[in-house]
Amino acid sequence: MKNLEITLKCHKIIGGYGEGEALVSHEPICFYLTDPKTGIVRERTHELAGKNLANKVLVFPSGKASSVVQIDGLFKLASNKVAPKAMIVKDVETVLIVSAFIVKVPLVDKLERDPFEAIRTGDFVRVDSEKGIVTITR
Amino acid sequence: MNLTREEERILKGEFGEGTQRALELLVAIGEAYDAEKMVPVTRAHAASSGQEGDLYFVELLANGGAFCRIPTTTNPVYDLDYFDSLFEIPKGEAEVARRVMEAYRRLGAILSWSCTPYMTENIPLYGETVAFSESSATPYVNSVIGARTNREAAQSALASGVVGKTPKYGLHIRENRKGTVLVRVNATLKDEFDCTLLGYYVGKRIGYGIPVLTGMSRPPNTEELINFCAMSNTSGAISMFYIPGCTVEATTVEEAFQGDAPGDRIEVTDNELEEIYEELQTTSGRIDFVMLGCPHYTFNQVEKVAGLLNGKKVHDGVSFWVCTSATTKALAQRSGYVDIIEAAGGHVVVDTCIDEPCWTMYKGKVGMTDSPKCAYYRRFKEAIVSRLQDCTEAAVKGRWE
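## Section: the overall build of chain B
Move 1: Within chain B one finds 16 helices and 15 strands.
Move 2: The C-alpha atoms of chain B give a radius of gyration of 21 Å, which matches the 21 Å a tight globule of 401 residues would have.
Move 3: For chain B, the spread of C-alpha atoms along the principal axes amounts to about 65 × 55 × 35 Å.
Move 4: Within the span of chain B, comprising 401 residues, buried residues form 55% of the whole.
Move 5: For chain B, the proportion of contacts with a sequence separation of at least 24, taken over those separated by at least 6, is 79%.

As structure tokens, this is what we get:
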């Protein structure tokens, strides 16, 4: 069976290349509320509660929470090598940009299609932020 | 983004790696928001903290030879010397704090270690373009002073301090400073604590936006404005607000909305404030400690604490903390207020924030505070949040019902 492959344009925020299995969250994410050793989401009421974001291509609307906790949260994940491989968001905010910049995780927005329609959890996604291209394989 | 020749040279590393990294971050933010160019900033406040994510970036800049080009103040970490004599801070945590503070010193920052630098150490002018992070600082300088800043992260504010620039987006553009929600205040506002609750409610209700408050029975004082800022930007993301007739940028409601109709309208009465007050309490009865000064207490507030504790004794089972800036403590010391608080068994501590790893001994304890923000970021188990005079009364009795 032939794989479906879609290539979409996007807007680079933090450059680089990352690929992996997609994990889609319709809710904003606070990295401080994940287990820094494993990357498992600890926020009990979150739709990703119990899911692991380590080495995934994370698709989510935006970040949340204060700069201190958000940056510290993603930094700890990256130090333990369980940060996402790339991040695709709908709305950017300064704190998320700073967080991604510090841990050097590619971050893009403005996908030419709604990312929540184009990407499903489990798809294989390649994010080439430098070229502004996202490739989805399923 | 259109960059100047100097900015291009910084990005090539001609001014050192630290400054290059700082500008790279600012360019990334500018690109994300489609900013056309960088604009000069003349002051910055970096919401430093004794945590690893912060340490990494500060050392990256300091080790790369960066130096602050403009006055750049720092947020509280904690007073290691003061705490050393009182209790043990885990070695690893103390080391992170020491390195953070040392790196900011090497960067040539003004080591205020205060979350209210706009009171004393770093005061913008009306219309000044600045980069201020920290929950109370961002809305205070935008609204009360009328300077212009975005809701910065500690790192982006520090990067601006080093480069002397910020991308032109968001609240640096007049049209974006337009009010979004009309808030009709029908609550009594009998004291400072009611303004604290009002801030917490407004932030929680609106989330993200620029509220325009009308109908207040009286203009808030300085401390009330500080608390309104800190609380609304903790329970929500309020970078700016208007109280026409009090804050400086608009004298009328129409002006605050730049001639447009309000996108939304809400009303706040005593009922809402009562509800939010109830919601903040997680327990009652015996307390282990009282924590005041989130945000850092002003001179007036320290004076008030001294007045309330004069001749009294804090209960044996209770520790009593007032967090403030080094400047304020020095002045309060001169006036004898620190002696009064210490004679009652309390501590006046500088450079320190409740949201720091130094308070690990309170992890399973019951704390009382006049600050919902302190309770929100709490590093302790149970919280009672009430007015200052309730906190001092409970400190003496050892309990609050």
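Back to the write-up after that little detour.
## Some thoughts on the sheet that holds strand S8 (residues 264-269) of chain B
All names here are of chain B.
Move 1: Taken in spatial order, the 3 strands make up an open sheet running S7-S6-S8, and their pairing is parallel. The open sheet has two edge strands, strand S7 (211-214) and S8, and neither has a second partner. On average, adjacent strands in this sheet sit at an angle of 25° to one another, irrespective of strand direction.

## Comments concerning the interface of chain B and chain A
Move 1: Taken residue by residue, the interface counts 21 residues in chain B and 15 residues in chain A.
Move 2: Sorting the residues of the side of chain B that touches chain A by element identifies helix H2 (17-32), helix H3 (52-63) and helix H7 (154-163) of chain B as the ones contributing at least two each.

## Section: the packing of H3(B) against H7(B)
Residue and element names in this part refer to chain B.
Move 1: Where H3 meets H7, the closest approach of the two axes is 10 Å, and the angle between their N-to-C directions is 15°. By the angle between their axes, H3 is roughly parallel relative to H7. Between H3 and H7 lies a crossing of right-handed hand. Of H7, the residues touching H3 (which contributes Asp 54, Phe 57, Val 58 and Leu 61) are Ala 154, Gln 155, Leu 158 and Val 162.
Move 2: Grouping the constituent residues of the contact of H3 with H7 by class yields 6 nonpolar, 1 polar and 1 charged.

## So, the packing of helix H12 (residues 299-309) of chain B against helix H16 (residues 388-397) of chain B
All names here are of chain B.
Move 1: In contact at an axis separation of 10 Å, H12 and H16 are set at 40° when each is read in the N-to-C sense. In terms of axis orientation, H12 runs oblique to H16. For the crossing formed where H12 meets H16, the hand is right-handed. Where H12 approaches H16, its residues Lys 304, Val 305, Leu 308 and Leu 309 are matched on the opposing element by Leu 388, Gln 389 and Thr 392.
Move 2: A breakdown of the residues in the contact of H12 with H16 according to their chemical character gives 4 nonpolar, 2 polar and 1 charged.

## Description of the environment of Arg218(B)
Move 1: In this structure, Arg218(B) sits in the loop between S7 and helix H9 (222-235).
Move 2: With 29 residues separating them in the primary sequence, Arg218(B) and Leu189(B) have C-alpha atoms 8.1 Å apart.

## Examining the domain arrangement of chain B
Residue and element names in this part refer to chain B.
Move 1: Splitting chain B by domain gives domain 1 (5-174), domain 2 (178-278) and domain 3 (281-400).
Move 2: The distance between the C-alpha centroids of domain 2 and domain 3 comes to 26 Å.
Move 3: Counting residues at the interface gives 11 residues for domain 2 and 10 residues for domain 3.
Move 4: Counting only elements with at least two residues in the side of domain 2 that touches domain 3, the list comes to helix H8 (192-206) and H9.
Move 5: Counting residues per element, the side of domain 2 that touches domain 3 draws most heavily on H9, which supplies 6 residues.

## What about H9(B)?
Move 1: Here H9(B) contains 14 residues, and its C-alpha end-to-end distance of 20 Å stays within 8% of the 20 Å for a straight helix at 1.5 Å per residue.
Move 2: When you tally the buried positions in H9(B), you get 12 out of 14 residues, the bulk of the element.

## Describing the sheet that holds strand S3 (residues 17-24) of chain A
Residues and elements named next belong to chain A.
Move 1: Strand order in the open sheet made by the 8 strands is S1-S8-S7-S3-S4-S5-S6-S2, with mixed pairing throughout. One side of each edge strand has no neighbouring strand; the edge strands of this open sheet are strand S1 (5-9) and strand S2 (11-14). Neighbouring strand axes in the sheet, compared pairwise and without regard to direction, differ in orientation by 30° on average.

## Quick look at H3(B)
Move 1: Here H3(B) spans 16 Å end to end across 12 residues, near enough to the 16 Å set by a 1.5 Å rise per residue.
Move 2: Every buried residue of H3(B) is listed here: Gly53(B), Asp54(B), Leu55(B), Phe57(B), Val58(B), Leu61(B) and Ala62(B).
Move 3: Contacts from the buried residues of H3(B) go to helix H1 (67-79) and helix H2 (94-103) of chain A together with H2, helix H5 (91-106) and H7 of chain B.
Move 4: Just downstream of H3(B), Gly65(B) is the residue with a positive phi angle, here 80°.

Reading the values: rules and limits
By convention here, each chain's residues receive numbers from 1 onward along its written sequence. Whichever chain is written first becomes A and whichever ligand is written first becomes 1, with later ones labelled in order. Since the coordinates come from a predicted model, pLDDT governs what is reported: local features require at least 70, and pairs of side-chain atoms require 80 or more to be given and counted, while whole-chain, interface and lining totals use all residues. A run of H or I in DSSP becomes a helix once it reaches four residues, and a run of E becomes a strand once it reaches two; helices and strands are each numbered from the N terminus. For this measure, only C-alpha atoms enter the radius of gyration; the expected value for a globule follows 2.2 Å times N^0.38, where N is the number of residues. Residues with at least 20 other C-beta atoms within 10 Å of their own are called buried, those with 12 or fewer are called exposed, and the rest are partly exposed. The C-beta atoms themselves are positioned from the backbone. Two residues qualify as a contact pair if the distance between their C-beta atoms, derived from the backbone, is within 7 Å. Criterion used throughout: strands pair if DSSP finds at least two bridges between them. To get an axis, a line is fitted to the C-alpha atoms, and for a helix only the part in contact is used. The angle between two axes follows their N-to-C directions and goes from 0 to 180 degrees. Roughly parallel means an angle under 35 degrees; roughly antiparallel, over 145; roughly perpendicular, 65 to 115; everything else is oblique. Handedness of a helix crossing follows the sense of rotation of the near helix relative to the far helix, less than a right angle counterclockwise being left-handed and clockwise being right-handed. When residues are grouped by polarity, Ala, Val, Leu, Ile, Met, Phe, Trp, Tyr, Cys and Pro land in nonpolar, Asp, Glu, Lys and Arg in charged, and all others, Gly among them, in polar. What counts as a domain boundary in this text is fixed by an automatic or database domain assignment. Expected span of a helix: the number of residues minus one, times 1.5 Å.

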